[in-house]
Amino acid sequence: MADWIAKPFAISCGDPAGVGPEIIGKSWLQRVEAGLKPFFAIGNFADFEKLSGVPVQKVDQPKDVITCFRDALPVLHIHEAAAAVPGEATLDSAQCSLHALEIACGLARSGDAGAVVTAPVSKTQLYKIGFRYPGQTEFVSERCGIARENAVMMLAGPTLRVVPMTTHIALKDVPEHLTERLVMACARAAEKAMTRNFGIEKPRIAIAGLNPHAGESGNLGQEEKRIMQPAIDQLRDQGMDITDPLPADTMFHEESRINFDVALCPYHDQALIPLKTLHFFDGVNITLGLPIVRTSPDHGTAFNIAGQGIADPRSMIAAIQMAATAVTNRQIHDH
């Protein structure tokens, strides 16, 4: 097995017309105080060369990163083009972001990179060049040979971890997609990840109901009784520490959060609203169920502020830190 802890992390540039290069550069500037292990950016060198106050250096392969990381941000140059214009996403910038993502996944799969951290992309632009995935999570899972339903998205901050059981679908379609199989798959992925990535031996899992008041005994909806409870009962019989469906409007306040390690939520906003309220600047997206560690800042491309030098790097720094935590805990767990 590769020594993942010793390998530098690969950070894909995201859409270079967004804030990706800037927050990667700012993360490098804060590498010492944030305790960041060596990493390198993947993208067009021209997009990093123009960063203010960030020395950069081209590298040909990940093993060259260690020798230069102290003095410059290492950049694996993979896209020959003029620098992207901040805020102006193009097909070329989308090609660059996709190529960087592909290379990052390949390097992690081969053992040359210790983890993948992905900067934000523009799915609107990616769709125009033939990208056929709901997001980067699904792309990475396929490249790792993992079925989409087994690659689970977790959003995590210092005081809360959440898993949306359905992600980028319309709210009206959620009841159709919420199945016993999905609930059980997400719960198992979350339980395993809590142990393997976060070092929690007996994870406590909370699950939010779909309907107001968790269906109120079937008076406000049947999904909790018909779909969720049977799955929960099976999981509990198998030894999992998991709650019955809880009212989502009362499970995220401070006194409730201390009772669970991760919360499963039936739909996207139900999970992300509390996470982003508590951890807007330091929330991290981590993909569960993969053979590699993949994290990402929990925000978008921010085209509206790109190139202004005001992008906040805290979520990117947190993503790099969480990747290091997961890699270290996996190394311990797997040995």
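If you're wondering where the values come from, they're calculated on a predicted model, not measured in any experiment.

Draft legend 1. The arrangement of the overall build of the protein in detail. From N to C terminus, the protein includes 12 helices and 12 strands. Taken against the 2.2 N^0.38 rule, which gives 20 Å for 335 residues, the C-alpha radius of gyration of the protein at 20 Å falls within 12% of a compact globule. By principal-axis analysis of the C-alpha atoms, the protein measures approximately 60 × 45 × 35 Å. Expressed as a percentage of the 335 residues in the protein, the buried residues total 55%. Restricting the contact set of the protein to residue pairs at least 6 apart, pairs at least 24 apart contribute 75%. Taken as a whole, the protein presents about 14,200 Å² of accessible surface, with 52% of it coming from carbon and sulfur. Distance from the positive charge centre (30 side chains) to the negative charge centre (38 side chains) of the protein: 3 Å.

Draft legend 2. Up close: the pattern of salt bridges. The full count for this structure, using the stated rule, is 9 salt bridges. Salt-bridge contacts for Glu142 lead to Arg132; the nearest nitrogen and oxygen are separated by 3.5 Å. Remark: Arg132 occurs in the loop between α5 (123–128) and α6 (136–143) and Glu142 occurs in helix α6; sequence separation between them is 10 residues. Shared partners join several salt bridges into a network, and the residues in it are Glu102, Arg132, Glu142 and Arg143.

Draft legend 3. Local environment of unusual backbone geometry. One non-glycine residue, His213, lies in positive phi territory at about 60 degrees. Mapped onto the fold, His213 is located in the loop between β8 (204–208) and α9 (223–237). The class of His213 is partly exposed, set by a relative accessible area of 45%. Positive phi, close to 55 degrees, is recorded for Ala214, a residue that is not glycine. Looking at Ala214, the relative accessible area reads 13%, which means it is buried.

Draft legend 4. Spatial organisation of the nonpolar core. Grouped together as the largest cluster of nonpolar side chains are 94 residues, with contacts concentrated most on Ile24, Phe39, Ile42, Met154 and Met165. Contacts of Met165, omitting those with residues within four sequence positions, involve Leu178, Leu182, Val183, Cys186, Ile207, Met228, Leu264, Cys265 and Pro266. Counting residues in hydrophobic clusters, the runner-up holds 14 residues, among them Val162, Met251, Phe260 and Leu275.

Draft legend 5. How the structure looks around the side chain of Thr301. For Thr301, the location among the structural elements is in the loop between β12 (294–297) and α12 (314–334). Setting aside residues no more than four positions away along its own chain, Thr301 makes contact with Asp15, Gly18, Val19, Pro120, Val121 and Ser122.

Draft legend 6. Representation of helix α4 (residues 91–110) within the structure. The end-to-end C-alpha separation of α4 is 29 Å, in line with the 28 Å expected for 20 residues at 1.5 Å each. Taken together, the buried positions of α4 are Ser93, Ala94, Cys96, Ser97, Leu98, Ala100, Leu101, Ala104, Cys105, Leu107 and Ala108. In the core, the buried residues of α4 are packed alongside β1 (9–12), β2 (39–43), β4 (73–77), β5 (116–118), α5 and α6. In the stretch just after α4, Gly111 is the one whose phi turns positive, near 90 degrees.

Draft legend 7. Representation of the pairing of strand β10 (residues 262–265). By the alternation rule, side chains of β10 split into Val262 and Leu264 and Ala263 and Cys265, which are all buried. In terms of strand pairing, strand β7 (residues 161–164) meets β10 through 3 bridges, oriented parallel. Following the sheet pairing, Val162 is matched in β10 by Ala263. One ladder, built from 3 bridges, connects β8 with β10; its direction is parallel. Bridge assignment links Ile205 to a residue of β10, and that residue is Val262.

Procedures and definitions
- Residues numbered from 1 in each chain as written.
- Predicted model: local features only at pLDDT ≥ 70, side-chain atom pairs only at ≥ 80, totals over all residues.
- Heavy atoms only, no water.
- Helix = DSSP H or I, 4+ residues; strand = E, 2+ residues; numbered from the N terminus.
- Rg over C-alpha atoms; globule rule 2.2 N^0.38 Å.
- Buried < 20%, exposed > 50% of the residue type's maximum accessible area, 1.4 Å probe, protein only.
- Contact = heavy atoms within 4.5 Å.
- Areas by Shrake-Rupley, 256 points an atom, 1.4 Å probe, with all protein chains shown as cover.
- Lys, Arg positive; Asp, Glu negative; His and termini not counted.
- Charge placed at Lys NZ, Arg CZ, Asp CG, Glu CD.
- Salt bridge = Lys/Arg side-chain N within 4 Å of Asp/Glu carboxyl O.
- Core = buried A, V, L, I, M, F, W, Y, C linked by side-chain atoms within 4.5 Å.
- Expected span 1.5 Å × (residues − 1).
- Pairing = 2+ DSSP bridges.

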